[in-house]
Amino acid sequence: MENSKRKMNSNAPTKECQYGGECYRVNPVHFREYSHPHIEKLLAKSASWSMVEIPDDVKVHKSVFAEQLKIVSNLFPHHPSSDSINPEKKSRTEHISSGPIPTTSALPLVGVAKTDSKPSTTGKDSKNPIESLFAERRAKMQSTQRDKPTATVVAPPKEESSASVSSVDTGISLKQAIPRDISSYFPVVAPRGRMAEKLAAAAPYNFFLTTITASKPTHTEPLAVTFQELLDSSLGELECSVQMNFMVDIGWLLAHYFFAGYENVPLLVLYGDETPELRMVTQKKPNVTAVKVEIKTPFGVHHTKMGLYGYKDGSMRVVISTANLYEDDWHNRTQGLWISPRLPAVPEGSDTTYGESRTDFRASLLTYLDAYKLPQLQPWLARIRKTDFSDVKVFLVASVPGGHTNTPKGPLWGHPRLGYVLSQHAAPIDDACPLVAQSSSIGSLGPSPESWVLGEIMASFRKDSAPVGIRRLPGFRMIYPSYSNVRQSHDALLGGGCLPYVRSTHVKQEWLKDYLHQWCSRARHRNKAMPHIKTYCRWSHRGLYWFLLTSANLSKAAWGVYNKTGRFEKPLRINSYEAGVLFLPKMMLDENFFPMEANKKHPPFPMPYDIPIIPYAPEDTPFFMDYLHQ
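Not measured: the values here are computed from a predicted model.

(A) Quick look at the nonpolar core. Residues Val318, Phe361, Tyr368, Trp546, Trp559 and Phe583 are the most contacted members of the largest nonpolar core, which totals 109 residues. Valine 318 has contacts with Met306, Gly307, Leu308, Trp338, Ile339, Ser340, Leu343, Phe361, Leu365 and Phe389, leaving out every residue within four places of it along the chain. Core analysis: the second largest hydrophobic core is formed by 39 residues, Phe208, Leu253, Ala290 and Val319 among them.

Below, the structure is given as structure tokens:
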């Protein structure tokens, strides 16, 4: 009977969750894909999810079960087993899916996807919805703990048996047992042993996007990767690694290392968002060291997303990306990664300058890592000094919190650092070429374009190597998903969970709408995969002058703001850690432009979105996180 009811709703999933009553997921995407009959039967007997009597013998924590009831009820309001007698909910959901833009109070807070970006706010606005999301996520993770004995991590699974990982009461597992088949654990799995070949084919740019679960063409796209591929054996036999990020689901991360056969390899995790699981991971996994990066200002975050991979032959690799280390960010969101070539150890007895790249990448990376002042990074600093970076052809553009002045080597951080590199190495650029910014969050930019964007940051972003003279200010364009973009995404409005721009910030800078453009990525099969990637670039009909992939959103906290009043304070103030890579055609191709279309000489630069870009229509509005909150 239940199955026949389910078929009445074409949107209801037909594939049943293999974990049955032991499933403790609270990700709405999971409930879109798999049915949970034990939940549906309870909903069928009640007027609404809030009236369900939760049995005493449920196999997950009751607060988790209540959240699951709520998710199923809201995802499938027409489902006979969830809401056959609740017309109020039915009309509300119809309004969400097909009606006009909702007001702030029109949407319930239902399994909101996690996000990593704090809008730059001050005063009472600092209590923003994103902080609530962090607190909610931590509470959910804590509520999954169960009173069961701890199991130990065993060797990688053999063909004939499954292997268990540490039990869920440690918070270091997504499921109670890891299946033999990796495909039943991760939604997209690439063939093993081929990543080195894929990376070689991606030269000279080495610029990838993540696969999109709901977009099958991306599963086999040459320039798309999964996290598991970063640990592929073809890249080298891993000896140790560092993962630097903001949000880290340690269970998800360790599952990847487990399947790659590296579950006992030393791993250092530097993170920004605190969770109980990260605090206690070393007790359960002695090979894992997790360190929270403390920041003095409440408006800054450890936002960098970088991986360092050391191999047993003495070589290493650097990966800089835009993705947090948890499932949602690698699911249906557009993310970018730069993957370095394999970097060998320098020969014994070499001069200290041996192996530096033309872009001074090694020196920049050492300066950046040294800014953490963490003893756990000292062995890596020593290793990097003895590594040959001469094959790296990108510049590191980073930010670290604090007040900063120029050095004999020029500015080190933030937008002045980008401007300095452009002034040294970028070909002369026609002032008619606008700056095109694209990010997943927007900070408080001021009451007018001149307040910071055109008045300060453009002074850096506009630079090139042409002699200083009278120049006109380039135009500015901003790509940020509209409400319409998000509504049509793979995850509907929940796809906006990675876009933490709030209405209270926008009303103070409504001038921004004149500069906004839609997210459009049909050529890369990511039109419905909302962008968590952040990019900045300038191009003309002749080609691409430069391209920056970075963790830095368009905000003062990320890029810095000049102090215009304090006489004794350092001139540039930055609040967050950020890291990105700058692609310049002179360094990579010995040309003035990257081609944006195929030619016989060089491959086109793999832009993550379609060109030309499309401005907002008069009726469009940016997506606000408020739409996911009551």
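(B) Representation of the packing of aromatic side chains within the structure. Considering all chains together, one arrives at 36 aromatic pairs under this definition. Both rings, one in phenylalanine 258 and one in phenylalanine 259, keep their centres 5.8 Å apart while their planes meet at 85 degrees; by these two values the pair is edge-to-face. Relative accessible area serves as the criterion here: at 1%, phenylalanine 258 is assigned to the buried category. Phenylalanine 259 gets classed as buried once you look at its relative accessible area, which sits at 7%. Seen from their ring centres, tyrosine 483 and tyrosine 627 are 5.0 Å apart, and the 75 degrees between their planes marks the pair as edge-to-face. One end of the pair, tyrosine 483, is in helix H15 (residues 483-487); the other, tyrosine 627, is in the segment after helix H18 (585-588), with 144 residues separating them in the sequence. For the pair tyrosine 483 and tyrosine 627, a shared accessibility class is recorded, and that class is buried. Ring-pair connections join several aromatic residues into one group, and the members of that group are Tyr205, Phe207, Phe547, Phe583, Phe594 and Phe605. The ring of tyrosine 311 carries arginine 342 above its face, with NZ or CZ at 5.1 Å from the centroid. The ring of tryptophan 380 has arginine 383 sitting right over it, with the charged end atom 5.8 Å from the ring centre.

(C) Representation of the sheet that holds strand E21 (residues 572-574) in the model. Overall, antiparallel pairing links the three strands, which are arranged E13-E21-E20 in an open sheet. The sheet is open, and its two borders are formed by strand E13 (402-404) and strand E20 (561-562), each paired with just one other strand.

(D) The arrangement of the confidence of the model for the protein chain in detail. Here the protein chain averages 83 in pLDDT, while 80% of its residues score no lower than 70. Within the model, pLDDT remains below 50 along residues 1-9, and this stretch shows 14 contacts once partners closer than five positions in the same chain are excluded. A low-confidence stretch, residues 81-114 stays under pLDDT 50, and its non-local contacts, those more than four residues away or across chains, total 101 contacts.

(E) Fine view of the sheet that holds strand E4 (residues 224-225). Read from one edge of the open sheet, eight strands run E4-E3-E11-E9-E8-E5-E6-E7, paired in mixed fashion. Lying at the two open borders of the sheet, with one neighbouring strand each, are E4 and strand E7 (288-292). Pairing of strand E5 (residues 238-244) with strand E6 (residues 267-271) involves four bridges; the strand directions are parallel. Bridging from a neighbouring strand, methionine 244 pairs with leucine 270 of E6. Relative to E7, helix H10 (residues 276-284) is tilted by about 150 degrees, and along the sheet it contacts E6 and E7.

Parameters at a glance
- Residues numbered from 1 in each chain as written.
- Predicted model: local features only at pLDDT ≥ 70, side-chain atom pairs only at ≥ 80, totals over all residues.
- Heavy atoms only, no water.
- Core = buried A, V, L, I, M, F, W, Y, C linked by side-chain atoms within 4.5 Å.
- Buried < 20%, exposed > 50% of the residue type's maximum accessible area, 1.4 Å probe, protein only.
- Contact = heavy atoms within 4.5 Å.
- Phe/Tyr/Trp six-rings, centres within 6.5 Å; stacked < 30°, edge-to-face > 60°.
- Helix = DSSP H or I, 4+ residues; strand = E, 2+ residues; numbered from the N terminus.
- Lys NZ or Arg CZ within 6 Å of the ring centre and 35° of its normal.
- Pairing = 2+ DSSP bridges.
- pLDDT = per-residue confidence, 0-100.
- Axes fitted to C-alpha atoms, helices over the stretch in contact; angles between N-to-C directions.

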